[in-house]
Amino acid sequence: MTRRWQGTALFAVIMAGISATVAGRLIVGGDSLAAALPQPGTGAGSASGSQGGGADASSGAPSPSPSSAAGGSSAGGGAAASGGTTTVNGDTEQTVYGPVQVAVTFSGSKITGVQTLQAPMGGGRDQMLTQYATPQLAQEVVNSQSARVDTISGATYTSEGYLASVQSAIDKHK
Amino acid sequence: MTAFTHRTMGTVVSLDLRSPAPDGLVARAFELFDEADARFSPFRADSELSRLGRGELDENELSAELREVLALGDAFERASGGAFTLHPAGTLDANGVVKGWAAQRAAGALAAGGARDFCLNAGGDLVCRGVPGAGRRWQAGIRHPHDPARLLGVIVLDEAAMATSGAYERGAHITDGRSGAAAAHWQSVTVIDRDLSVADVLATAVFAMGADGPTWAHAEFGASVIALDAAGALTVVGSVEWAHD
């Protein structure tokens, strides 16, 4: 452990006003791992919507939650395997918020898409109002909530369940 | 990009690799977590940590790894005036140190082994190296403590580590070592530093310390802090670059 006395100018900003109940939205460009890091209810699974992999079409696959469907993760993409791509359903993992299940699309051994088949509903709970010190900071923070996300900080059983489901699909694919 | 996940240490580690890496390197990095788990798990009676806790090991019998983890914890215990502690209620608990330490070590092994562009995420604590793509920079969301479907915000990171401690899901699990009571000032504390072993301990220490924590972490360690208090007010200390697209 090293102590660092960097003498960096310190600015502590304590905030007031302006609510930020705008839902964090994962806009997934290309092949971001955001596909494999869930924000259930925000359409994180939409990454694969444009990947052409197609969701699993096998019978018995749970319907996408309304929220992930809203994010564009259509399950109507076609066959489970076509032209070198394969889609494998992960196991359903139980989390404190409810079951999580994904379908992973592979091109060879490479993951080209992850779709959310089941995700707990995130919305509808406590709408906590975040308070910001300045309107400028509020603007910056709220704008960032809809920015592209590569990864997520902050442990969550939900994301662990999600990743476990991804892993199980990878294991099945081997 | 290639994604890998690995269950270890009671959580899931994921690696998002954006440029090719030598064969076997990812497996080796994941093995480091398993080794840390075997050595430090409080849930394994035969772990070195458990044996030390039962008084079965002398000081001079400890591994270099255990010494390093204990030294890290003790240093932050002193620096935080006891708010952070490896010894809650007289026990020995290295959980507040081990995950970040192990992940930083694994990231070091990946970089040394030839991985250039990656983000390693150990149960929500992460290290980014290189870039996610041409002309791009890593962007990390911070989950909202009340709602896993929302983000507090999204931060741009270059070659940095980020750790978040929150009073969510597992309940109030961070104790202020000075009082022994559950720390209640913050809902969520995110720390950004160059080193995840520092960021992870600082996130816990700031959470435990309460209102003075963010300025302390920045003044003493140069870390940046984003913290949401129990009333919903956001505190930002240090230089934080919010993502905008």
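This write-up is about the structure you can find in this document. The structure displayed is predicted, hence computed values, not measured ones. (Residues numbered from 1 in each chain as written. Chains lettered and ligands numbered in written order. Predicted model: local features only at pLDDT ≥ 70, side-chain atom pairs only at ≥ 80, totals over all residues. Heavy atoms only, no water.)

**With respect to the pattern of salt bridges**
Here is step 1 of the chain: Tallied over the entire structure, the rule returns 19 salt bridges over all chains.
Here is step 2 of the chain: For Asp16(B), the salt bridge identified is with Arg18(B), shortest N-O distance 2.6 Å.
Here is step 3 of the chain: Classification of Asp16(B) as buried rests on a relative accessible area of 1%.
Here is step 4 of the chain: With its nearest N and O atoms 3.1 Å apart, the salt bridge here joins Arg28(B) to Glu31(B). Placement of the pair is Arg28(B) and Glu31(B) together in helix H1 (residues 25-40), with a separation of three residues, close to one helical turn.
Here is step 5 of the chain: A residue is classified by how much of its surface remains accessible, and Arg28(B), at 36% relative accessible area, is partly exposed.
Here is step 6 of the chain: It is possible to trace a salt-bridge network through shared partners that takes in Arg148(A), Asp150(A), Asp16(B), Arg18(B) and Arg136(B). (Salt bridge = Lys/Arg side-chain N within 4 Å of Asp/Glu carboxyl O. Buried < 20%, exposed > 50% of the residue type's maximum accessible area, 1.4 Å probe, protein only. Helix = DSSP H or I, 4+ residues; strand = E, 2+ residues; numbered from the N terminus.)

**Description of the packing of helix H3 (residues 64-79) of chain B against helix H4 (residues 95-112) of chain B**
Helix-helix packing is described using two parameters, namely the angle between the two axes and the distance between the axes.
All names here are of chain B.
Here is step 1 of the chain: One way to put it is that H3 packs onto H4 with a least axis distance of 10 Å and a crossing angle of 120°. Put simply, H3 runs oblique to H4. Considering how the two elements wind past one another, H3 and H4 form a crossing that is right-handed. Facing H3, whose interface residues are Glu65, Glu68, Val69, Leu72 and Gly73, H4 presents Val97, Val98, Trp101 and Arg105.
Here is step 2 of the chain: A per-class count over the contact of H3 with H4 returns five nonpolar, one polar and three charged. (Axes fitted to C-alpha atoms, helices over the stretch in contact; angles between N-to-C directions. Parallel < 35°, antiparallel > 145°, perpendicular 65-115°, else oblique. Left-handed = near helix turned anticlockwise from the far one by under 90°. Contact = heavy atoms within 4.5 Å. Nonpolar A, V, L, I, M, F, W, Y, C, P; charged D, E, K, R; others polar.)

**Some thoughts on the pairing of strand E7 (residues 161-166) of chain B**
Residues and elements named next belong to chain B.
Here is step 1 of the chain: Buried residues dominate E7, accounting for six of its six residues.
Here is step 2 of the chain: By the alternation rule, side chains of E7 split into Ala161, Ala163 and Ser165 and Met162, Thr164 and Gly166, which are all buried.
Here is step 3 of the chain: In the sheet, strand E4 (residues 125-129) pairs with E7 via two bridges, with the strands oriented antiparallel. Bridged to Leu126 within E7 is Met162.
Here is step 4 of the chain: Where E7 and strand E8 (residues 186-193) come together, six bridges link them in antiparallel fashion. (Pairing = 2+ DSSP bridges.)

Note that every value here comes from positions in space, so none of it alone points to a role or purpose.
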